[in-house]
Protein chains: 2
Amino acid sequence: MIEITRPTLVVDKEICLRNIGRMTEKAAKYKLHFRPHFKTHQSAKIGEWFKLFGVDAITVSSVQMAEYFAANGWADITIAISLNILEMEHINRLAATIKLNVLVENKETASVLAEKGSQQLGVYIKIDTGYHRTGIPSSRTSTIDSILDILSANKKIKFKGFLSHTGHTYYAKSTNEIFSSHFDALLKLKKLKARYKINYPQVEISLGDTPSASICGNFDGVDELRPGNFVFYDLMQHSLGVCEIEDIAVKMVCPVLAKHVSRNEIIIHGGAVHFSKDTVLNTDGKHLYGRIAIQKDDKRLLLDTNNYLSKLSQEHGTLKVTPANFKQIKVGDLVEIIPVHSCLTANLMGHLLTNDGELIKMMPRY
Amino acid sequence: MIEITRPTLVVDKEICLRNIGRMTEKAAKYKLHFRPHFKTHQSAKIGEWFKLFGVDAITVSSVQMAEYFAANGWADITIAISLNILEMEHINRLAATIKLNVLVENKETASVLAEKGSQQLGVYIKIDTGYHRTGIPSSRTSTIDSILDILSANKKIKFKGFLSHTGHTYYAKSTNEIFSSHFDALLKLKKLKARYKINYPQVEISLGDTPSASICGNFDGVDELRPGNFVFYDLMQHSLGVCEIEDIAVKMVCPVLAKHVSRNEIIIHGGAVHFSKDTVLNTDGKHLYGRIAIQKDDKRLLLDTNNYLSKLSQEHGTLKVTPANFKQIKVGDLVEIIPVHSCLTANLMGHLLTNDGELIKMMPRY
């Protein structure tokens, strides 16, 4: 066992490999090109774990992240955020060395791309299937036509297809809602595909969110799958009914600093610089920042939801626990906290430790 | 002007120096030892700016941060988080080279400290004056007596006094509430001081939060002031009535990626990996993640609260704006976002850029 004295994000490699294996199999089963999103782990080392399953194409969420993974040997990358025209130089530089795809969702960006794109570049048009963050509603084919027209002026640019992120599945109140958002997206994207297949026979549909990728069983018309969070999963996915607690591959190990018996609260070193401020609703209707596991008789014991990480300040976390568990947990103990949002938690830490004590560095911040 | 193409946290050095200058003067005016908290900027470079004002003693929020600043020349540090007994080795190592103070709030920790403290070490007893996160209620003098008794067994340990963080001022609904929490804390701490002065004539009172340090004008009985956030300030402090907008020294400069006229929303590159998920309530009762400033006719224009950063996902931010401002802001523009919580925002970024384009690195994450 590794010796831990400070808040440390520990990743269970076995669970990660199982999660990657399952999603790879699922993509294969439905004949989908698997292009996992690497924004969750942001790590060259964990990228290597995906290679064990034959993954050779990835998704990232910024040009900076594309540069990092390109420098670490990845040669087929989609940057799944609407193209930032201020970064055209970086994009041209990257596209000169790897297969790069970018996202366009308006005419302004398409024009800059057509004018300044100096390298072979794949372009997806971002479709809004109901999340209402970015993208063009699938009904607005006149805008899509205009963008395609603008892009056609530059022969180095290849229209690849339509890309969507059914992000509203993260706010679903039930797995039924996830299924229904997913089907709705499928219908819209299939219709688009049918329309554009005539002039663009190679047109692809690329879909992305972890909830639907994990639990849905119909990917009719879809060509590519881009989930990210599934590599670690987290309490948010668990609360959506998308994964089991046993599928969550990361935990923050935190030292116990103090106990306050009058309010059954335990103070840990582990705060907002370690966890994200995302919450899920607990069974008692309160916000929960994490669930607690302790060591008991040399066994790991997951405490029920009457025990949880209830407050965060910059470095401190407050555990609300039952009187019985209050007695069990001692100052100087290490407790494990299962995080609500693994992507943001890993991003905050910038590194992870495997069960064997191997340091896994993530993308540097500058 | 520096060229920015990606989300970049820019710090205005002039404003920082003014903030540091004002707080230094205030501490001097009330004859308080000034020991600013460095958890907000976490930066050796910005630490140098404090030295210009004669600051030579600091507060940090973790042993790791103490190690970082000790390595960067700071020789008098208080670690203002309850002592983590698992880090005794690190603490002894640090205390061998600098003047180090730690915090104790229970007998378990005091015992470990008395047993394992091998170097000269200052100890404060953490008092809970009403924030109810950590610390001993000031009325529980029997616990304090026991701790002092335990610590007295180790002659290298010097009891320095009582330390408190009136953190509930961050949740005040009015400046009156800040004044009242501060006064309440003063009364409790003065009483303690009077009681323990008999046996410990040198006993000190150390106080910490930015809200009361900024606006209160009575520090009767206080010996030391430890605010941190004031170096940058932020929208949270502004909403508390603690600073002016013009006192906020940091802003995130973000590229505009897309516009959605049907909902008057503008999408920026700038999300939860850049900003913290902390919010303040806007005038319309909605949660606000930041306010917006734009360039207009070569002038910086702060938009009113009908325009704000309304949503965050990992990399995307959504600006809700008025129809008039929607027209003004273009794809490819840079907008400035004033953050809600500067400590967590800076922590996420890990670096800042000055107005002159100087890179300011923060404490590395491992």
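Parameters and conventions
- Residues numbered from 1 in each chain as written.
- Chains lettered and ligands numbered in written order.
- Predicted model: local features only at pLDDT ≥ 70, side-chain atom pairs only at ≥ 80, totals over all residues.
- Core = buried A, V, L, I, M, F, W, Y, C linked by C-beta atoms within 7 Å.
- Buried ≥ 20, exposed ≤ 12 C-beta atoms within 10 Å, placed from the backbone.
- Contact = placed C-beta atoms within 7 Å.
- Least-squares fit on C-alpha atoms with pLDDT ≥ 70 in both.
- Helix = DSSP H or I, 4+ residues; strand = E, 2+ residues; numbered from the N terminus.
- Arc of directions from axis to C-beta.
- Domains from an automatic or database assignment.
- Nonpolar A, V, L, I, M, F, W, Y, C, P; charged D, E, K, R; others polar.
- Axes fitted to C-alpha atoms, helices over the stretch in contact; angles between N-to-C directions.
- Parallel < 35°, antiparallel > 145°, perpendicular 65-115°, else oblique.
- Left-handed = near helix turned anticlockwise from the far one by under 90°.

A.B. asks: Break down the nonpolar core for me, citing the residues and quoting the values.
C.D. replies: A66(A), F69(A) and F69(B) are the most contacted members of the largest nonpolar core, which totals 221 residues. Not counting the four nearest positions on each side in its chain, A66(A) is found in contact with V60(A), I77(A), I79(A), L94(A) and L100(A).

A.B. asks: Can you break down the relation of the copies chain A and chain B residue by residue, with the values?
C.D. replies: It takes a turn of 180 degrees to lay chain A on chain B, together with a shift of 0.0 Å along the axis; the resulting RMSD is 0.0 Å. Classification of the inter-copy transformation places it as that of a two-fold axis. Here 100% of the interface residues in chain A have copies in chain B that are interface residues too; the copies meet face to matching face.

A.B. asks: Break down helix α6 (residues 141-151) of chain A for me, with residues and values.
C.D. replies: Residues spaced three or four apart along an α-helix face the same direction, because each turn holds 3.6 residues. Residues and elements named next belong to chain A. Those residues of α6 not exposed but buried are I144, I147, I150 and L151. Take α6 and look down its axis: the buried residues cluster within an arc of 125 degrees, on one side only. Turned more than 90 degrees from where α6 packs its buried face, S142 and D149 sit exposed. Turning to α6, the residues buried within the fold contact β5 (99-104), α5 (107-116), β6 (121-128), β7 (136-137) and β8 (157-164).

A.B. asks: So, the domain arrangement of chain A: which residues are in play, and what are the values?
C.D. replies: Residues and elements named next belong to chain A. Considered domain by domain, chain A is made up of domain 1 (13-232) and domain 2 (245-361). Its C-alpha centre places domain 1 at a distance of 33 Å from the equivalent point of domain 2. Each side of the interface is counted separately: domain 1 has 13 residues, and domain 2 has twelve residues. Every element with two or more residues in the side of domain 1 that touches domain 2 is listed here: α1 (13-29) and α2 (44-51).

A.B. asks: Outline the interface of chain A and chain B, listing residues and values.
C.D. replies: Residue-level contacts link 45 residues of chain A with 45 residues of chain B. At the level of elements, β4 (76-82), α5, β11 (250-260), β12 (265-269), β18 (316-320) and α11 (342-349) of chain A are the ones that each hand at least two residues to the side of chain A that touches chain B. The dominant element in the side of chain A that touches chain B, judged by the number of residues it contributes, is α11(A), at five residues. Its residues assigned to classes, the side of chain A that touches chain B comprises 15 nonpolar, 20 polar and ten charged.

A.B. asks: I'd like a description of the packing of helix α1 (residues 13-29) of chain B against helix α2 (residues 44-51) of chain B, backed by residues and values.
C.D. replies: Residues and elements named next belong to chain B. As a packed pair, α1 and α2 sit with axes 10 Å apart at the nearest point and diverge in direction by 50 degrees. Put simply, α1 runs oblique to α2. Relative to α2, α1 is oriented so that their crossing is right-handed. Facing α1, whose interface residues are C16, L17 and I20, α2 presents I46, W49 and F50. Classifying every residue of the contact of α1 with α2 by side-chain character gives six nonpolar, no polar and no charged.

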